[in-house]
Amino acid sequence: DIEPGGTTPFTNSYYFYKAIVADEMHIEKWAEHYFRRIDRENFSKYLFWSALRSYGKGDFKAAEELLKKILNQKLSETDAAFAKKVARTLARVYFQNQEYEKSLGFYTSFLLKVNPVSTGDWLEAAWNYYYLKQYDRALGFVYNLESRYLDGPVLLEKYVLRALIYRNSCETEKMESLLESFDE
């Protein structure tokens, strides 16, 4: 028997990944067997996986509870990237529930202050400002995406958001200018 015992972080990870593979291969018996060997109440990766499944099913309340539980755990410094994923997912849950101020809080107090900043975070924060009808702030965040120093692909969604802001602000001249620059 070469399988590890106990509930160390290694054994939790070991059984967790074996369970995911079995689940994806639709081998439910083995997936359940491996899931039972995990500390399902405290193992943050399992909780995050469960939250993502709830989110995918539209059960935002369950996803919110699991994500909050993870953020209330003591995470190590090596878990910084994981904490960002959890916070970003919780912000998206709040956005889906139309709780735009709560969602925006994760971006302005955490995600946009850590290095490296994701360009998607600027855009998602801008969408929150848009739905809060703070069009000038939303536009400012979208303008941050115009920097030539940003890495990654061009986000076409920023043009959609800018056009919506211009339309709601009755700035048709700027909207026409945007259409011309988009074609370029």
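It should be noted that the structure appears before, not after, this text.
Residues numbered from 1 in each chain as written. Predicted model: local features only at pLDDT ≥ 70, side-chain atom pairs only at ≥ 80, totals over all residues. Heavy atoms only, no water.

1. Focus on the side chain of Thr89
Piece 1. Tracing the backbone through its elements, the reader meets Thr89 in helix α5 (residues 80-96).
Piece 2. Thr89 sits in the buried class, given a relative accessible area of 9%. (Helix = DSSP H or I, 4+ residues; strand = E, 2+ residues; numbered from the N terminus. Buried < 20%, exposed > 50% of the residue type's maximum accessible area, 1.4 Å probe, protein only.)

2. What to know about the environment of Glu3
Piece 1. Among the secondary structure elements, Glu3 is positioned in the segment before α1 (9-24).
Piece 2. Its relative accessible area of 23% is what places Glu3 among the partly exposed residues.
Piece 3. In this structure the C-alpha to C-alpha distance between Glu3 and Tyr15, which are 12 residues apart in sequence, comes to 9.0 Å.
Piece 4. Once residues lying within four places of it in the same chain are set aside, the contact partners of Glu3 are Tyr14, Tyr15, Lys18, Tyr34 and Arg37. (Contact = heavy atoms within 4.5 Å.)

3. Description of the packing of aromatic side chains
What describes a pair of aromatic rings is the distance from one ring centre to the other and the angle between the planes of the rings.
Piece 1. The final tally for this structure, using the stated rule, is 23 aromatic pairs.
Piece 2. Seen in terms of ring centroids, Phe95 and Tyr100 are 5.2 Å apart; in terms of plane orientation they differ by 65 degrees. Their pairing is edge-to-face.
Piece 3. Since its relative accessible area comes to 24%, Phe95 is described here as partly exposed.
Piece 4. Centroid distance Phe95 to Tyr131: 5.6 Å. Interplanar angle 70 degrees. Geometry classified as edge-to-face. Residue Phe95 is found in helix α5, and its partner Tyr131 is found in helix α7 (residues 119-131); the two are separated by 36 residues along the sequence. (Phe/Tyr/Trp six-rings, centres within 6.5 Å; stacked < 30°, edge-to-face > 60°.)

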